[in-house]
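In case you want the letters, here they are:
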Amino acid sequence: MSGSQWRKVKRLDHGVLHEARLQPHYAVQWLARAARAYVTPRPDDGHTNFGWEDALGGLTTHPLSQGSVVGLEMTALTLRLWDGPGRAGGQAISLDGRRDADIREWLGGQLGTRGLDPAALDAPSPYQMPDHPVGHGAPYAAAALGEALGELAAWFANANDILSETRQRITARGIAAPPARCWPHHFDLDSLISLGSGPGARTVGLGFSPGDDYYDEPYFYISAYPAPDLATLPSLPSIGHWHTHHFTAAVAVADRIIAADDPQAATITFVHAAADILIARS
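Just so you know, the residues in each chain are numbered from 1, in the order the chain's sequence is written. Predicted model: local features are reported for residues with pLDDT of at least 70 only, side-chain atom pairs are reported and counted for 80 or more only, and whole-chain, interface and lining totals are derived from all residues. As a rule here, side-chain values come from all non-hydrogen atoms in the structure, and water together with hydrogens is ignored.

J.: I'd like to hear about helix α6 (residues 263-281), residue by residue, with values.
T.: Given a rise of 1.5 Å per residue, 19 residues ought to cover 27 Å, and the 27 Å separating the end C-alpha atoms of α6 matches this to within 8%. Three or more residues of α6 are buried, namely Q264, A266, T267, I268, F270, V271, H272, A274, A275, I277, L278 and I279. On its buried face, α6 sits against α4 (146-171), β8 (203-209), β9 (219-225), β10 (241-243), β11 (249-253) and α5 (254-259). Helix numbers and strand numbers start at the N terminus; a helix is a DSSP run of H or I with at least 4 residues, a strand a run of E with at least 2. Any helix carries an expected span of 1.5 Å times its number of residues minus one. Three exposure classes are used, based on accessible area relative to the maximum for each residue type with a 1.4 Å probe and protein chains only: buried under 20%, partly exposed in between, and exposed over 50%. Two residues qualify as a contact provided that any one of their heavy atoms is within 4.5 Å of a heavy atom in the partner residue.

Given below as structure tokens:
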């Protein structure tokens, strides 16, 4: 991580950040719809997750069945579709001021010209989304959220770098750890490390959330299952704390990261320490 650039982030009103994460959360459901419809299914639903791409400043699907990729540029809330490696010759639509019905018409038309059945986009989602006006037919409003969406994109980029570096550090120890991917249900980046085999396998999750019902701000987490004995858990670096409500995890929230003298170094120290603690106790 020492060679990666930390994107400077600043403290914003939590209410603004809340809105700024819900709109792209709804927007990436178009990536998820395309993935469920046109990517070869995997038992763990891994075909529906996304990768972070710095050059796009957003998230991308796995290649669809005929090679196209769907991506969401986060800061501008722009949906993009291109064919094969690179994005030359791709098409794009700004979501600002548009409703999901407009996006369905555009995306369905684009995929139809590529030989894919647009009706496959209409399959119901297997999970419930957080309530938001967009889900009831309201238009997206990216222009009013430009600064906050830019901050959210910076958090995702920083998280992708730190989780990728931590994953490499763990794999160097001979522990298998998959790349961090964004899951459409919770809109979080996560690498789930299995430390055993079978249905009762111990796992440690390295992750980043843009915010949720537990913390209404971005946060890093390192979780463990089954939950370790809380009495045996040591203290964490100063920006972190142990979360124990509904799940056990080491958590570092945005406000504490931003307040650190060196946010990048503090976050790396926290993630490394928490991962080492929970892997050793799992």
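Now, onward.
J.: Talk me through the sheet that holds strand β2 (residues 58-60); I want residue IDs and the actual numbers.
T.: A sheet is described by the order of its strands in space; here five strands give the open sequence β1-β2-β3-β4-β5, paired in antiparallel fashion. The outermost strands of the open sheet, each flanked by one partner alone, are β1 (51-53) and β5 (91-94). On average, adjacent strands in this sheet sit at an angle of 25 degrees to one another, irrespective of strand direction. When DSSP locates at least two bridges between a pair of strands, those strands are taken to pair. Pairing of strand β4 (residues 78-83) with β5 involves four bridges; the strand directions are antiparallel. Pairing of R80 across the sheet is with A92, part of β5. Helix axes are fitted only over the stretch in contact, all axes being lines through C-alpha atoms; the angle between N-to-C directions runs from 0 to 180 degrees.

J.: Which residues make up unusual backbone geometry, and what values do they have?
T.: In this structure, P226 follows Y225 across a cis peptide bond, with omega equal to -10 degrees. Mapped onto the secondary structure, P226 falls in the loop between β9 and β10. At L77, a position not held by glycine, the phi torsion is positive, near 45 degrees. Among the structural elements, L77 can be located in the loop between β3 (68-73) and β4.

J.: An account of the nonpolar core is needed here, citing residue identities and associated values.
T.: For soluble globular proteins, nonpolar side chains are generally found buried alongside one another. The biggest cluster of nonpolar side chains holds 83 residues, and the ones touching the most others in it are L79 and F270. Sort the elements by how many residues they give to this core and α4 lands first, with 12 residues. Beyond its immediate chain neighbours, meaning those up to four positions away, L79 contacts W30, L31, V70, G71, L72, Q91, A92, I93, L95, I103, W106 and L107. Side-chain atoms within 4.5 Å are what join buried Ala, Val, Leu, Ile, Met, Phe, Trp, Tyr and Cys residues into a set we call a nonpolar core. With six residues, the next largest nonpolar core counts Y215, Y219, A249 and V251 among its residues.

J.: Tell me about the packing of aromatic side chains, residues and numbers included.
T.: Stacked, tilted and edge-to-face pairs are distinguished by plane angle, under 30 degrees for stacked and over 60 for edge-to-face with tilted covering the rest, among Phe, Tyr and Trp rings (Trp via its six-membered ring) whose centres lie within 6.5 Å. Scanning the entire structure with this criterion turns up nine aromatic pairs. Seen in terms of ring centroids, W155 and F208 are 6.4 Å apart; in terms of plane orientation they differ by 15 degrees. Their pairing is stacked. One end of the pair, W155, is in helix α4; the other, F208, is in strand β8, and 53 residues separate them in sequence. F208 shares its class with W155; the two are buried. Their ring planes at 85 degrees and their centres at 5.1 Å tell us that Y214 and F247 sit as a pair that is edge-to-face. With Y214 in the loop between β8 and β9 and F247 in the loop between β10 and β11, this residue pair connects regions lying 33 residues apart in the sequence. For Y214, a relative accessible area of 35% puts it in the partly exposed group. A connected cluster of aromatic rings, assembled from ring pairs, spans W6, W52, W155, F156, F187, F208 and F220.

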